[in-house]
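# Fold and geometry: a report
Listed here are the chains, written in short residue letters.
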There are 2 protein chains.
Amino acid sequence: MPRTQHRETRQSHAVRAALAGNQQFQSAQQLHGRLRARGDGVGLATVYRTLQRLVEQGEVDVLRTDDGEAIYRLCSREHHHHLTCRSCRRTVEIDNSAVEAWARRIGEENGYADVEHIVELVGTCADCAAS
Amino acid sequence: MPRTQHRETRQSHAVRAALAGNQQFQSAQQLHGRLRARGDGVGLATVYRTLQRLVEQGEVDVLRTDDGEAIYRLCSREHHHHLTCRSCRRTVEIDNSAVEAWARRIGEENGYADVEHIVELVGTCADCAAS
DNA sequence: CTTTGTGCAAAGGCTTTGCATGCTT
DNA sequence: AAGCATGCAAAGCCTTTGCACAAAG
């Protein structure tokens, strides 16, 4: 059982609140700046470490911008993949059991056990394609 | 039409050759190391600048890994995916037609065009599982 | 009281940039 | 000859880590 053992601190609460207050993907630096502006001073390193924990616990999704910056957002579902617009970053969460099954089958066919998969899709969304 | 004008140099040729020699996405550092190993010494900065130019010219695609590393690949190349052993790094090439179709369909269903995908499988191979 | 979280600053890793030099055209 | 391309090293950015201190359980 993944016993999520983390302590309740003012800082971790602040980070979670900042995430909850915005449904869009935000960078660690943005969150840090937002917290600082709000008066909830939190060290940048703490922001990163808190986000890291949340990602490990599966409570937060993380993606990478074209700049290589990590952006975070509270998850809405369990396991899913992302389809991201390469232009505006609009993101759709994909929940497709076909991929899961496919990955597992490929593993079995090749004698590999405990197969994990990384799947990310990038495209141009309808709006951006139009403009 | 703006004819993309770039000079022919040993280095730019080497980078293009390295890209052409691998149908998968590769990082700049990987390309640099490969060139160095091959004897075609090329400065790391030059690798980056050449890749930058190729991307601007639309000859190369760029994506970001979860580590924030940029990975490059010549456009319009058929590629395959890999199933890698997390222990011994043994790698199997995977037929990709199923994934290609799946990715394209997901894109269409969501109104996304030109869908690129990153797919990586990691598991434990039979030998390593036995030991 | 013990363990984990926090801050700060330093260190890391990837990428970009300044500048003098070499090579292409 | 003129101007981009290259190398090297330094600088930039985002992120992680070491360490001492504070706080939670």
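Residues numbered from 1 in each chain as written. Chains lettered and ligands numbered in written order. Predicted model: local features only at pLDDT ≥ 70, side-chain atom pairs only at ≥ 80, totals over all residues. Heavy atoms only, no water.

### Regarding the interface of chain A and chain B
Which entries qualify depends on this criterion: Residues are treated as being in contact if the distance between any of their heavy atoms lies within 4.5 Å. We define buried area as the total accessible area lost by two parts upon association, computed with a 1.4 Å probe and summed across both. Identification of polar contacts relies on pairs of N or O atoms within 3.5 Å, with a donor-acceptor requirement for protein atoms, meaning one able to donate a hydrogen and the other able to accept it, and with residues adjacent in sequence counted only if both atoms are side-chain atoms. A run of H or I in DSSP counts as a helix once it spans at least four residues, and a run of E counts as a strand once it spans at least two, with each numbered from the N terminus. Three residue categories are used. Nonpolar comprises Ala, Val, Leu, Ile, Met, Phe, Trp, Tyr, Cys and Pro, charged comprises Asp, Glu, Lys and Arg, and polar comprises the others, including Gly. By this definition, two strands are paired if DSSP reports at least two bridges between them.
Listed per partner, the contact involves 36 residues of chain A and 38 residues of chain B. Buried area between chain A and chain B, summed over both chains or domains, comes out near 2,900 Å², and the portion from carbon and sulfur atoms is 62%. Three residues, Trp102(A), Tyr112(A) and Ile118(A), lead the burial of chain A against chain B; their summed loss comes to 24% of the area buried on that side. For the interface between chain A and chain B, the tally reads 9 residue pairs in polar contact (both at pLDDT 80 or more). Contributing elements (two or more residues each) for the side of chain A that touches chain B: strand E4 (81-85), strand E5 (91-94), helix H4 (97-109) and strand E6 (113-124) of chain A. Tallying contributions element by element places E6(A) first for the side of chain A that touches chain B, with 12 residues. Its residues assigned to classes, the side of chain A that touches chain B comprises 17 nonpolar, 11 polar and 8 charged. Bridge analysis of E6(A) against strand E6 (residues 113-124) of chain B gives 9 bridges, and the strand direction is antiparallel.

### Quick word on the pairing of E5(A)
All names here are of chain A. Across 4 bridges, the pairing between E4 and E5 is antiparallel. Bridging from a neighbouring strand, His-81 pairs with Ile-94 of E5. Counting the residues that bridge the hairpin from E4 to E5 gives 5 residues, and of these Arg-89 lies at a positive phi of roughly 70°.

### Quick look at the protein's contact with DNA strand D
Counted only if it meets this: By convention in this text, a residue qualifies as near a molecule or strand provided that one of its non-hydrogen atoms is within 4 Å of it.
The full set close to DNA strand D counts 24 residues, and Tyr48(A), Ala70(A), Arg7(B), Gly43(B) and Thr46(B) are the nearest of them. Among the atoms of DNA strand D lying within 4 Å of the protein, the sugar-phosphate backbone contributes 61%. Side-chain polar atom of Thr46(B) to a phosphate oxygen of DNA strand D: 2.6 Å apart, as the coordinates give it. Considered class by class, the residues forming the surface near DNA strand D number 6 nonpolar, 9 polar and 9 charged.

### A short note on the domain arrangement of chain A
Residues and elements named next belong to chain A. Definition in use: Those domain boundaries reflect an automatic or database domain assignment. When a carboxyl oxygen of Asp or Glu lies within 4 Å of a side-chain nitrogen of Lys or Arg, that pair is called a salt bridge.
Domain boundaries in chain A define domain 1 (7-76) and domain 2 (77-131). For domain 1 and domain 2, the distance between their C-alpha centres works out to 23 Å. Listed per partner, the contact involves 9 residues of domain 1 and 9 residues of domain 2. For the pair domain 1 and domain 2, the summed buried area comes to about 710 Å², and 41% of that belongs to carbon and sulfur atoms. Linking domain 1 with domain 2 are 1 salt bridge, by the criterion used here. Remark: the boundary between domain 1 and domain 2 carries 2 residue pairs in polar contact (both at pLDDT 80 or more). Sort the elements by how many residues they give to the side of domain 1 that touches domain 2 and strand E2 (residues 60-64) lands first, with 3 residues. For the side of domain 1 that touches domain 2, a count of residues per class yields 3 nonpolar, 2 polar and 4 charged.

### Looking at helix H3 (residues 44-56) of chain A
All names here are of chain A. Rules: Between the first and last residue of a helix there are one fewer steps than residues, each counted as 1.5 Å, and that sum is the expected span. Here's how the labels work: a residue is buried when its accessible area is under 20% of the maximum for its type, exposed when over 50%, partly exposed in between, all with a 1.4 Å probe on protein chains only. Working note: the arc is built from the helix axis to C-beta atom directions.
In this model H3 runs 19 Å from its N-terminal to its C-terminal C-alpha over 13 residues, within 8% of the 18 Å that 1.5 Å per residue would give. For H3, the complete set of buried residues consists of Val-47, Thr-50, Leu-51 and Leu-54. For H3, the buried positions fall inside an angular range of 100° around the axis, keeping them on one side. Exposed residues pointing more than 90 degrees away from the buried face of H3 are listed as Arg-49, Gln-52 and Glu-56. Downstream of H3 by one or two residues, Gly-58 has phi in the positive range, about 75°.

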